[in-house]
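Chains, contacts and geometry: an overview
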Amino acid sequence: MRKFKFCLLIFGLMTAVACEETEEKEDEVQNVDKKASVETELSVQHIDTADVLITKHKIWKDNKLFKEIIKRDTIPALGDSLQMVEDANGNEHNTKVKKDYEFYITVQ
């Protein structure tokens, strides 16, 4: 049970902090120990009036994928915000972008 909680924390932190690619990733895991671990991925998909929280769990045992669990939940959209973006030509302009949720994971 302790390994499960530790793996959940590591993979949750790794996927949850994927806000911007320019941020430094401190404890990024390169490889998953597939002997006995749970790999977790969290993401939010923006749709018109709401967002969809997608939770994926991969259960690894004896170097084989034992089971994959995918759960989708509809959550309220946070709205839009103005953000300075750069197009392919290098021109900067303000545009509306969907606000993203922040992930905080507690493992007990």
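First things first, this report covers the structure right here in the doc. (Residues numbered from 1 in each chain as written. Predicted model: local features only at pLDDT ≥ 70, side-chain atom pairs only at ≥ 80, totals over all residues. Heavy atoms only, no water.)

**Some points on the overall build of the protein**
Looking only at helices and strands, the protein has one helix and five strands in total. Of the regular secondary structure in the protein, the N- to C-terminal order runs α-β-β-β-β-β. Relative to all contacts within the protein whose residues are 6 or more apart in sequence, the contacts with residues 24 or more apart total 38%. Put simply, the protein shows about 8,700 Å² of open surface, and 49% of that area lies on carbon and sulfur atoms. (Helix = DSSP H or I, 4+ residues; strand = E, 2+ residues; numbered from the N terminus. Contact = heavy atoms within 4.5 Å. Areas by Shrake-Rupley, 256 points an atom, 1.4 Å probe, with all protein chains shown as cover.)

**Some remarks on the packing of aromatic side chains**
In the structure shown here, the tally under the stated rule is zero aromatic pairs. Here lysine 34 stacks its cationic end above the ring of tryptophan 60, 4.4 Å away from the centre of that ring. (Phe/Tyr/Trp six-rings, centres within 6.5 Å; stacked < 30°, edge-to-face > 60°. Lys NZ or Arg CZ within 6 Å of the ring centre and 35° of its normal.)

**Things to note about the pattern of salt bridges**
Inspection of every chain in the model, using the stated rule, returns one salt bridge. Across the pair lysine 98 and aspartate 80 runs a salt bridge whose closest N-O atoms are separated by 4.0 Å. Placement of the pair is lysine 98 in strand E5 (residues 92–98) and aspartate 80 in strand E4 (residues 80–86), with a sequence separation of 18 residues. (Salt bridge = Lys/Arg side-chain N within 4 Å of Asp/Glu carboxyl O.)

**Focus: the environment of lysine 67**
Summarising the element assignment, lysine 67 is placed in strand E3 (residues 64–76). Taking the C-alpha atoms as reference, lysine 67 lies 9.7 Å from valine 38; in sequence the two are 29 residues apart.

**Looking at the pairing of strand E2 (residues 50–61)**
Across eleven bridges, strand E1 (residues 36–46) lies against E2 in antiparallel orientation. Note that in E2 the partner of serine 43 across the bridge is isoleucine 54. In this antiparallel pair of consecutive strands, E1 and E2, the connection spans three residues. Both E2 and E3 contribute to a ladder of twelve bridges, which runs antiparallel. Following the sheet pairing, lysine 61 is matched in E3 by lysine 64. (Pairing = 2+ DSSP bridges.)

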